[in-house]
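The lines below spell out each chain.
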Amino acid sequence: MTVPPQHNPYSVRVPKKRQALRNVESPPRVDYPLVPWSETSHCEQWVDVDHAKAQVDSFRKWLERLPDVVDSGVNYGSLVVVTGPIGMGKTTLIHRCVHEAQKHIERLDPDPPLNQVVAMTAGYDNIGDVISLDDNGRFATIPAINAGIVKQVVGELRTKLAHVDTGISKWPPGEAFEAISELLEQQDALLFVIVPHIAWKDPGVRSEFLLTCLKHARSRIVLFVEISHATDRAKEVVKEVVKHPAVTHLELGRLKGEDRVTFSQAARSGHPDPDAALLTEWEPADVRELRMVYHAAAEHQIRAGEPVRITAHELSHHAERLRREARENLLGALAHDSPPDESPPDDPAPHDPAPDDSPPDSSAPPASP
């Protein structure tokens, strides 16, 4: 008997993305930020890892101040700075906050309804290169980056609101955001702007950029700015702006043992719970690796025509396989880049993974949660 194909419960559907073939949806991705305000199925995949729910609760408290954000007399909007290690779900947290804000506004039931516009300056992927690199592929200046943000915002406003002057995108960013604030007030709208992590080389420049973002958060404008970091210096980066009444700081930490259990219990979709060995045999580095390994284990069983049943053994096996493949890919890249008379090192130095990096090497010591 042929076993009907199963949908991998750990895949993430990309909102509104379609294949080149008409009426054919793009296949789900292995790992992707959850966007519950745009894709309802993402609500079911939300997991409180690293106490992310506590950060959402902090944002809910901010929502009580929403009347100030839409009051032109207050003369400022809101800047939400989201910090944390790479791969821990900062982008998903931002999208969750947007979702919570939209639900909050629905419960208020304003009359007339408040128009809401979400401007993702780097798309659903939220990859900073979209706005941080110039036409020549070089790192742009802060004014150029802010100009790119304005251009993306104006483009999104044109799809949602009437009488949007495209010339605003060519104005100096400060003047442009002031004009956008006035437009939002005229059309009774609230704007959420999502700014991706930008790989600044100098924390001082990053702080300067945050200060410009704070200036641009005018009435009816809420800016979400993401900051990834490999160390615990995020507070140093935002310390110049966090004391301002318009600033909310949401902070994610590193993965803990309890997070692996929380994810397992939430994501197994009724499948048998992995046994206690889950805590000792596999120590994922971040939420991205959690999702990737669960996906790999389920995909292997689906392709074999078996029902999805996640166990600690399955997770440990696929985590080791993915890490081995990552190591082989790294060694292959080093060999390709090495001069002819050199060989790649036997044990490449540890490095901080980029946002799209594969899981770390299985031969290295387990990452500390």
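Check the entry above for the structure.
Residues numbered from 1 in each chain as written. Predicted model: local features only at pLDDT ≥ 70, side-chain atom pairs only at ≥ 80, totals over all residues. Heavy atoms only, no water.

Colleague: Where do I start with the sheet that holds strand β4 (residues 221–228) in this structure?
Modeller: Paired through backbone hydrogen bonds, the strands of a sheet run either parallel or antiparallel to each other. As summarised here, the arrangement of the 5 strands in space is β2-β3-β4-β1-β5, forming an open sheet in which the pairing is parallel. Taken across any chain shown, the strands that pair with only one partner, and hence form the sheet edges, are β2 (115–120) and β5 (247–251). Pairwise comparison of adjacent strand axes, ignoring direction, gives a mean angle of 15 degrees for this sheet. With 5 bridges joining them, strand β1 (residues 78–84) and β5 adopt parallel strand pairing. Among the inter-strand pairings, Val80 is bridged to a residue of β5, identified as Thr248. Each of β1, β2, β3 (189–195), β4 and β5 is contacted by helix α3 (residues 90–108), which is oriented at about 160 degrees to β4, the strand it contacts most. Contacts from helix α6 (residues 173–186) reach β3 and β4, with the element oriented near 130 degrees to β4. (Pairing = 2+ DSSP bridges. Helix = DSSP H or I, 4+ residues; strand = E, 2+ residues; numbered from the N terminus. Axes fitted to C-alpha atoms, helices over the stretch in contact; angles between N-to-C directions. Contact = heavy atoms within 4.5 Å.)

Colleague: Mind showing me how you'd approach the environment of Val308 here?
Modeller: In this fold, Val308 is placed in the loop between α11 (287–303) and α12 (312–337). Between the C-alpha atoms of Val308 and Ala297, which are 11 residues apart in sequence, the distance is 8.3 Å.

Colleague: Is there a simple way to explain helix α5 (residues 142–160) in this structure?
Modeller: Each α-helix winds once per 3.6 residues, and so residues spaced three or four apart point in a common direction. Spanning 19 residues, α5 covers 27 Å between terminal C-alpha atoms, matching the ideal 27 Å at 1.5 Å per step. On its buried face, α5 is in contact with β2, α4 (129–132), α6, β3 and α7 (203–216). (Expected span 1.5 Å × (residues − 1).)

Colleague: Which parts of the structure should I look at to understand the packing of α5 against α6?
Modeller: In a packed pair of helices, the relevant descriptors are the angle between the two axes and the axis-to-axis distance. Two elements in contact, α5 and α6, have axes separated by 10 Å at closest approach and are oriented at 25 degrees. Overall, the two elements α5 and α6 adopt an arrangement that is roughly parallel. Relative to α6, the crossing made by α5 is left-handed. Contact residues: α5 offers Pro143, Asn146, Ala147, Ile149, Val150, Val153, Val154 and Leu157, while α6 offers Pro173, Ala176, Phe177, Ile180 and Leu184. Classifying every residue of the contact of α5 with α6 gives 12 nonpolar, 1 polar and no charged. (Parallel < 35°, antiparallel > 145°, perpendicular 65-115°, else oblique. Left-handed = near helix turned anticlockwise from the far one by under 90°. Nonpolar A, V, L, I, M, F, W, Y, C, P; charged D, E, K, R; others polar.)

Colleague: Help me understand α3, please; the structure alone is not making it clear to me.
Modeller: Given a rise of 1.5 Å per residue, 19 residues ought to cover 27 Å, and the 27 Å separating the end C-alpha atoms of α3 matches this to within 8%. Counting buried positions along α3 gives 15 out of 19 residues, so the element sits mostly inside the fold. Count one or two residues on from α3 and you reach Asp109, which has phi positive near 50 degrees. (Buried < 20%, exposed > 50% of the residue type's maximum accessible area, 1.4 Å probe, protein only.)

Colleague: Even after reading the chapter, I still don't get the pairing of β1, so can you show me in this structure?
Modeller: Consecutive residues of a regular strand have side chains that alternate between opposite faces of the sheet. Of all 7 residues in β1, 7 are buried; the element is thus mostly enclosed. Taking every second residue as pointing to the same face, both faces of β1 are buried, with Ser78, Val80, Val82 and Gly84 on one and Leu79, Val81 and Thr83 on the other. Pairing of β1 with β4, which is carried by 7 bridges, proceeds in the parallel orientation. Residue pairing in the sheet places Gly84 in a bridge with Ser228 of β4.

Colleague: Got a minute to help me understand the nonpolar core in this structure?
Modeller: Within soluble globular proteins, side chains that are nonpolar tend to cluster in buried spots. Residues Ile149, Leu157, Ile180, Leu191 and Phe209 are the most contacted members of the largest nonpolar core, which totals 41 residues. At the level of elements, β1, β2, α5, α6, β3, α7 and β4 are the ones that each hand at least two residues to this core. Element by element, the count of residues in this core is highest for α5, at 7 residues. If sequence neighbours within four positions are ignored, Leu191 has contacts with Val117, Ala119, Val153, Leu157, Ile180, Leu184, Arg220, Ile221 and Val222. Counting 33 residues, the second-largest nonpolar core is a separate cluster that includes Trp37, Ile105, Ile194 and Val222. (Core = buried A, V, L, I, M, F, W, Y, C linked by side-chain atoms within 4.5 Å.)

Colleague: Would you explain the side chain of Gln45 in this entry?
Modeller: Topologically, Gln45 is positioned in the segment before α1 (52–63). Taking the relative accessible area as the measure of exposure, Gln45 reaches 15% and is therefore buried.

Colleague: I would appreciate a short explanation of the environment of Gly204 in the present structure.
Modeller: On the secondary structure map, Gly204 appears in helix α7. The class of Gly204 is partly exposed, set by a relative accessible area of 42%. For Gly204 and Val238, which are 34 residues apart along the polypeptide, the C-alpha to C-alpha distance reads 10.0 Å.

Colleague: Sorry if this is basic, but what is going on with empty space enclosed by the protein here?
Modeller: Summary: where empty space remains is shown by rolling a probe the size of a single water molecule over the atoms. Summed over all chains, the structure comprises 1 cavity of 30 Å³ or more. Of the volumes computed, that of the largest cavity is approximately 40 Å³. The wall of the largest cavity is formed by Pro196, His197, Ile198, Trp200, Arg206, Phe209, Leu210, Val225, Glu226 and Ile227. Those elements that provide at least two residues to the lining of the largest cavity are α7 and β4. Its residues assigned to classes, the lining of the largest cavity shows 7 nonpolar, 1 polar and 2 charged. (1 Å grid on protein atoms, 1.4 Å probe; cavity = no way out; pocket = protein on both sides within 12 Å on 5 of 7 lines; lining within 4 Å. Points joined across faces, edges and corners; volume = space filled by probe spheres on them.)

Colleague: Whenever I open this one, the side chain of Arg218 confuses me. Can you help?
Modeller: By the secondary structure assignment, Arg218 is in the loop between α7 and β4. What makes Arg218 buried here is its relative accessible area of 18%. Excluding its chain neighbours within four sequence positions, the residues that come into contact with Arg218 are Tyr76, Gly77, Gly174, Phe177, Glu178 and Ser181.

Colleague: When you look at the pattern of salt bridges in this model, what are you seeing that I'm missing?
Modeller: For side chains bearing opposite charge, pairing can occur when the charged atoms are close. Across all of its chains, the model carries 13 salt bridges by this definition. In this structure, Asp57 and Lys53 form a salt bridge, with 3.4 Å as the shortest nitrogen-oxygen distance. Of this pair, Asp57 and Lys53 both sit in helix α1, 4 residues apart, which is roughly one turn of the helix. We classify Lys53 as partly exposed; its relative accessible area is 41%. One salt bridge connects Glu299 with Arg303, and the closest N-O pair in it is separated by 3.4 Å. One end of the pair, Glu299, and the other, Arg303, are both in helix α11, 4 residues apart, so they sit about a helical turn from each other. The network of salt bridges with common partners includes Lys53, Asp57, Arg60, Arg96 and Glu100. (Salt bridge = Lys/Arg side-chain N within 4 Å of Asp/Glu carboxyl O.)

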